[in-house]
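# An overview of the molecular structure
So you can see what is in the structure, the chains are spelled out below.
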Amino acid sequence: MDAPDLGRMAPYGAAHLAALAVIAAAVALAVIAGHRMRGTPRETALTRGLGWSMLALTVAWTAWGFLPQTWDVEQSLPFHFSDALRIITAVALITRSGWAVALSYFWGLTLNTQAILTPDLVYLTHPGLEYAAYWVLHAIALIAPVLLVWGLGYRPTWRGYAVSFAATLLWALVAMTANALTGANYAYVSRAPEGPSILDLLGGWPLYLLWEAVLIALVWALMTWPHTALARRRGEDALGAGGLVTRAAW
């Protein structure tokens, strides 16, 4: 039995704007902290500590959704892009593996940003806790790639771009399969969200899926090209799995 909802957080109300302000400040601090700690033992301590915290919060929040009083087939199963991103972000921070850093960069700064700018937060049992969990988890997923790329100097490559795009299509298929079996709308690939979102500008389903794929390919290409061009000029060596990211020389 699904838990009855207690309402939806109003986009750009006081609660939303407060979260945006805190996230903006945290992003700026992440860049500063990354620059100061880069190449020191504190760098590893910072990323691993943040990564393990993200992993612990993710496991706890997923388990919370499976409790009888919070179970909701539309929300509790881990098939949203944000659900996968939380694990990927934790792996990127703990291991700094190339594939995880690349995925956290592309997903964290685009797909995750959509959830930040146009949140679809439905309260079920404990609004305060659900509000905090939603924003902390989405904030870390945004702060982590900012820290890794602009703070610690990791940069995406074209190989990382291709792997990330393929992973996106694969996860969309996984979500579609889950939706077909449950009637849910994970990853919003089976119908548009109930609340306002960027998808409203791209036409109805399934047209917006095509436009979304095109926009993702173009935006991610623009997010990759400056980094690869700079890396070539500086002759930086590829790090991570199969050259998915480079480590900046500055």
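Attention in this report is confined to the structure presented alongside it. (Residues numbered from 1 in each chain as written. Predicted model: local features only at pLDDT ≥ 70, side-chain atom pairs only at ≥ 80, totals over all residues. Heavy atoms only, no water.)

## Looking at a nonpolar patch on the surface
- Judged by side-chain polarity, Leu207, Leu210, Trp211, Val214 and Leu218 come together as a nonpolar surface patch covering roughly 480 Å² of accessible area.
- When you line up the elements, Trp211 lands in helix α7 (residues 207-234).
- Overall, the relative accessible area of 44% leaves Trp211 in the partly exposed class. (Patch = residues over 30% accessible without salt bridge, like charges linked within 9 Å, V, L, I, M, F, W, Y side chains within 5 Å. Areas by Shrake-Rupley, 256 points an atom, 1.4 Å probe, with all protein chains shown as cover. Salt bridge = Lys/Arg side-chain N within 4 Å of Asp/Glu carboxyl O. Helix = DSSP H or I, 4+ residues; strand = E, 2+ residues; numbered from the N terminus. Buried < 20%, exposed > 50% of the residue type's maximum accessible area, 1.4 Å probe, protein only.)

## Considerations on the pattern of salt bridges
- Considering all chains together, one arrives at four salt bridges under this definition.
- Note that Glu74 and Arg191 form a salt bridge whose closest N and O atoms lie 3.3 Å from each other. With Glu74 in the loop between α2 (41-65) and α3 (81-95) and Arg191 in the loop between α6 (158-182) and α7, this pair connects stretches of sequence that are 117 residues apart.
- A residue is classified by how much of its surface remains accessible, and Arg191, at 36% relative accessible area, is partly exposed.
- The shortest N-O distance in the salt bridge between Arg86 and Asp83 comes to 3.0 Å.

## Remarks on α3
- For α3, built from 15 residues, the straight-helix expectation of 21 Å at 1.5 Å per residue is met to within 8% by its first-to-last C-alpha distance of 21 Å.
- Within α3, twelve of the 15 residues are buried, leaving the element largely enclosed by the surrounding structure.
- In this structure, the buried residues of α3 make contact with α2, α4 (98-117), α5 (127-151) and α6.
- Looking one or two residues beyond α3, the residue adopting positive phi is Arg96, at roughly 55°. (Expected span 1.5 Å × (residues − 1). Contact = heavy atoms within 4.5 Å.)

## Quick notes on the packing of α4 against α5
- For the pair α4 and α5, the least separation of the axes is 9 Å and the interaxial angle reads 140°. The pairing of α4 with α5 is recorded here as oblique in orientation. Seen from above, α4 lies across α5 with left-handed handedness. Together, Val101, Ser104, Tyr105, Gly108, Leu109, Asn112, Thr113, Ala115 and Ile116 of α4 and Tyr134, Trp135, His138, Ala141, Leu142, Pro145, Val146, Leu148, Val149 and Trp150 of α5 make up the contact between the two elements.
- For the contact of α4 with α5, the class distribution of residues is 14 nonpolar, five polar and no charged. (Axes fitted to C-alpha atoms, helices over the stretch in contact; angles between N-to-C directions. Parallel < 35°, antiparallel > 145°, perpendicular 65-115°, else oblique. Left-handed = near helix turned anticlockwise from the far one by under 90°. Nonpolar A, V, L, I, M, F, W, Y, C, P; charged D, E, K, R; others polar.)

## Some points on α2
- End to end, α2 covers 37 Å across 25 residues, agreeing with the expected 36 Å (1.5 Å per residue, within 8%).
- Packed against the buried residues of α2 are α1 (14-37), α3, α5 and β5 (245-247).

## Thoughts on the nonpolar core
- Ranked by size, the top nonpolar core spans 57 residues in total, and within it Phe106, Trp107, Trp135, Leu148 and Trp220 carry the most contacts.
- Elements represented by at least two residues in this core include exactly α1, α3, α4, α5, α6 and α7.
- Of the residues forming this core, the biggest block, 13 residues, is contributed by α5.
- Once residues within four sequence positions are removed from consideration, Phe106 is found in contact with Leu111, Pro156, Gly160, Tyr161, Ser164, Trp220, Met223 and Thr224. (Core = buried A, V, L, I, M, F, W, Y, C linked by side-chain atoms within 4.5 Å.)

## Notes on unusual backbone geometry
- If you check the backbone angles, Tyr12 has positive phi at about 65° while not being a glycine.
- In this structure, Tyr12 sits in the loop between β1 (7-8) and α1.
- The exposure class of Tyr12 is partly exposed, given its relative accessible area of 44%.
- Positive phi values are uncommon outside glycine, yet Ala187 reaches one of about 65°.

## Concerning the side chain of Arg86
- Within the secondary structure, Arg86 sits in helix α3.
- Taking relative accessible area as the criterion, Arg86 reaches 8% and is therefore assigned buried.
- Leave out the neighbours within four places in its chain, and Arg86 touches Met54, Thr58, Trp61, Leu137 and His138.

## Quick word on the environment of Pro11
- Looking at the secondary structure, you find Pro11 in the loop between β1 and α1.
- A relative accessible area of 34% means that Pro11 is categorised as partly exposed.

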